[in-house]
Amino acid sequence: MAATFQERDDHVIEVTELRRAYKGGFEAVRGISFAVGRGELFALLGTNGAGKTSTVEVLEGLAKPSGGQVRVLGHDPYSRRDRVRPRIGVMLQEGGFPSELTVAEAVRMWAGCTSNARPTGEALELVGLGKRSGVRVKQLSGGEKRRLDLALALLGRPEVLFLDEPTTGLDAEGRVETWELVRALRASGTTVLLTTHYLEEAESLADRLAIMHEGRLAVSGTPAEVTATQPSQITFELPDGYHVGDLPPLGALGVTAHETAGRTVKLRTDELQGVATRLLLWAQEARVELRGLDVRSASLEEAFLQIARDIKAGDAQDVRQKETVA
Ligand SMILES: Nc1ncnc2c1ncn2[C@@H]1O[C@H](COP(=O)(O)OP(=O)(O)OP(=O)(O)O)[C@@H](O)[C@H]1O
């Protein structure tokens, strides 16, 4: 990641050794670095309390780093808020509008504080709220409120869009519609920094992502690079009359681990294509059918859970080492 950071000069967001400590001394962000190129969609993932919001608030210019530095569109977003704010869009968790306002009134009120604002109708059409402009904010569903929040973030035609859990509270259809909109914005050149709890959302949308844990970046890269750190998986049912021992030697096949549950066999491997090919050739020669055959790379969710387990195991090991030293 550091190499990428130095090689490119079109970074819209640059984060270098960022630290953020709260009053009382708790350090929520502990020296993280990453960069986001123009037009890229970068997802920040992490366990609860990992430090995502603490990081994003610094990028939005709402808080000052206690160490390191950040640049958004080439400026320090805190000290040069005047330069940065008009060019970014921030989707807040709750817009906080007087709920008696109608949707159109809320947008017009926000437009009053936004330079070069889109016309109200255009902003509402963009998020699929065109037909709801006369409805009071308090009458919107949770999902519609999230869309209104998004409309407000898009009002100033931002070059950089910060989306903090944009689809929380949306049903499956609303989520897919929001994804389409985010993809369209990205296609038109908007740079997007997204935080989300939905791993499939990051997998589906992000060009690159980072997983935070306890203030640090545990892993970062493209979704494919992150999932490639975890073994792929082949599942099938043993043919009638066969036992696991009747399969070719699993180590020689390239299998790194296996488990069985009844007649179902699950193989893990770092060389999916080779193992699948050898297994299918064996099945063909043995003239047996591998029922329920499922061949797939690790999902981001599996990678995320494994990384969290590895970190916990690492933490436990650290504690044991400290205890031994003590
Ligand atoms: N104002 C504050 N004062 C002290 N500690 C805080 C403050 N705000 C957040 N924290 C702590 O900082 C850590 C990181 O919080 P943060 O909200 O950045 O995490 P997050 O990754 O966004 O979590 P979540 O996914 O749960 O929203 C947490 O341990 C949290 O309790």
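In this text the structure is predicted, and so the values were computed from the model without any measurement.

Draft legend 1. Summary view of the site of the ligand. Inspection of the region around the ligand gives Tyr22, Phe26, Ala28, Gly46, Asn48, Gly49, Ala50, Gly51, Lys52, Thr53 and Ser54 as its neighbouring residues. The class makeup of the residues in the shell around the ligand is four nonpolar, six polar and one charged.

Draft legend 2. Spotlight on the sheet that holds strand β1 (residues 11–21). Pairing is antiparallel in the open sheet, where three strands are placed in the order β2-β1-β4. Sheet topology places β2 (27–37) and β4 (67–72) at the edges, where each strand pairs with a single neighbour. Looking at each pair of strands side by side, their axes are set apart by 15° on average, direction ignored. Sheet topology note: the β1/β4 ladder contains five bridges and is antiparallel. Note that in β4 the partner of Thr16 across the bridge is Gln69. Helix α2 (residues 52–59) contacts β1, β2 and β4 of the sheet and is inclined by roughly 125° relative to β1.

Draft legend 3. View of the pairing of strand β9 (residues 216–221). Two elements, strand β8 (residues 208–213) and β9, share five bridges in a ladder whose sense is antiparallel. Considered in β9, the bridge of Leu209 is made with Gly221. The antiparallel hairpin formed by β8 and β9 contains two residues in its connecting segment, where Glu214 sits at a positive phi of about 45°.

Here is what the cut-offs are and how they apply
- Residues numbered from 1 in each chain as written.
- Predicted model: local features only at pLDDT ≥ 70, side-chain atom pairs only at ≥ 80, totals over all residues.
- Near = placed C-beta within 6 Å.
- Nonpolar A, V, L, I, M, F, W, Y, C, P; charged D, E, K, R; others polar.
- Pairing = 2+ DSSP bridges.
- Helix = DSSP H or I, 4+ residues; strand = E, 2+ residues; numbered from the N terminus.
- Axes fitted to C-alpha atoms, helices over the stretch in contact; angles between N-to-C directions.
- Contact = placed C-beta atoms within 7 Å.

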